[in-house]
Amino acid sequence: TRISPSTCIEYEDRLQLADHVFIGAFNFIEASGGVVVGEGVQITQHVSIATHSSHRAQRLLGRGYVDWPGDRPGWL
């Protein structure tokens with residue numbers, strides 16, 4: 001397994017890497033929710049992997065997401 005020194009990994013203790021993994025340059029891996037990378041997987045350059053996001057809610061509700069009353073739907 002090889003990881004480029006320019007890759008940023010957050011919550012490294014929750015990242016599981018199998019054998020023969022290649023992670024290229026300038027990647028971001030946020031593993032707070034747990035990430036498993038299987039044997040032989042190659043992650044090239046300029047890739048972001050995140051285990052949480054509000055992107056789905058923002059995409060569905062648009063500007064209404066900001067003023068949504070109560071708990072915001074789709075918050076992951």
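Thresholds, definitions, all that
- Residues numbered from 1 in each chain as written.
- Predicted model: local features only at pLDDT ≥ 70, side-chain atom pairs only at ≥ 80, totals over all residues.
- Heavy atoms only, no water.
- Helix = DSSP H or I, 4+ residues; strand = E, 2+ residues; numbered from the N terminus.
- Buried < 20%, exposed > 50% of the residue type's maximum accessible area, 1.4 Å probe, protein only.
- Contact = heavy atoms within 4.5 Å.
- Areas by Shrake-Rupley, 256 points an atom, 1.4 Å probe, with all protein chains shown as cover.
- Core = buried A, V, L, I, M, F, W, Y, C linked by side-chain atoms within 4.5 Å.
- Pairing = 2+ DSSP bridges.
- Axes fitted to C-alpha atoms, helices over the stretch in contact; angles between N-to-C directions.

Visitor: Which residues make up the overall build of the protein chain, and what are the values?
Guide: Scanning the protein chain from N- to C-terminus turns up one helix and eight strands. Expressed as a percentage of its 76 residues, the buried residues of the protein chain come to 24%. Within the protein chain, residue pairs in contact and separated by at least 24 positions form 1% of the contacts whose partners lie at least 6 positions apart. Surface exposure of the protein chain reaches about 5500 Å², of which carbon and sulfur atoms provide 51%.

Visitor: Lay out the nonpolar core with the relevant residues and their values.
Guide: Counting residues in hydrophobic clusters, the biggest one holds eight residues: L15, V21, I23, I29, A31, V35, V37 and I43. Each residue touching I29, except ones within four places of it in the same chain, is listed here: C8, I9, E10, L15, I23 and I49.

Visitor: Just give me the short version of unusual backbone geometry, but keep the residues and values in it.
Guide: With a phi angle near 60°, Y11 is a residue other than glycine that sits in the positive phi range. At H20, a residue that is not glycine, the phi angle is positive and equals roughly 65°. For H20, the location among the structural elements is in the loop between strand 3 (15-17) and strand 4 (22-23).

Visitor: If you had to explain the sheet that holds strand 4 to someone new, which residues and values would you point to?
Guide: One open sheet accounts for three strands, arranged 1-4-7; its pairing is parallel. Here the strands that pair on one side only, and so sit at the sheet edges, are strand 1 (2-3) and strand 7 (42-43). Sheet analysis places strand 1 next to strand 4, joined by two bridges and oriented parallel. Across the sheet, residue I3 finds its bridge partner in strand 4, namely I23.

Visitor: How would you explain the sheet that holds strand 8 (residues 48-50) if you had to name every residue and give the values?
Guide: With parallel pairing, three strands are arranged side by side in an open sheet as 2-5-8. The outermost strands of the open sheet, each flanked by one partner alone, are strand 2 (8-10) and strand 8. Strand-to-strand twist across the sheet, computed as the mean angle between neighbouring axes with direction ignored, equals 5°. Direction of pairing for strand 2 relative to strand 5 (residues 28-30): parallel, over a ladder of three bridges. Considered in strand 5, the bridge of E10 is made with E30.

Visitor: Summarise the environment of H52; cite the residues concerned and give the values.
Guide: With respect to the element layout, H52 can be found in the loop between strand 8 and helix 1 (55-61). Judged by its relative accessible area of 45%, H52 falls in the partly exposed class. With 19 residues separating them along the chain, H52 and G33 place their C-alpha atoms 7.2 Å apart.

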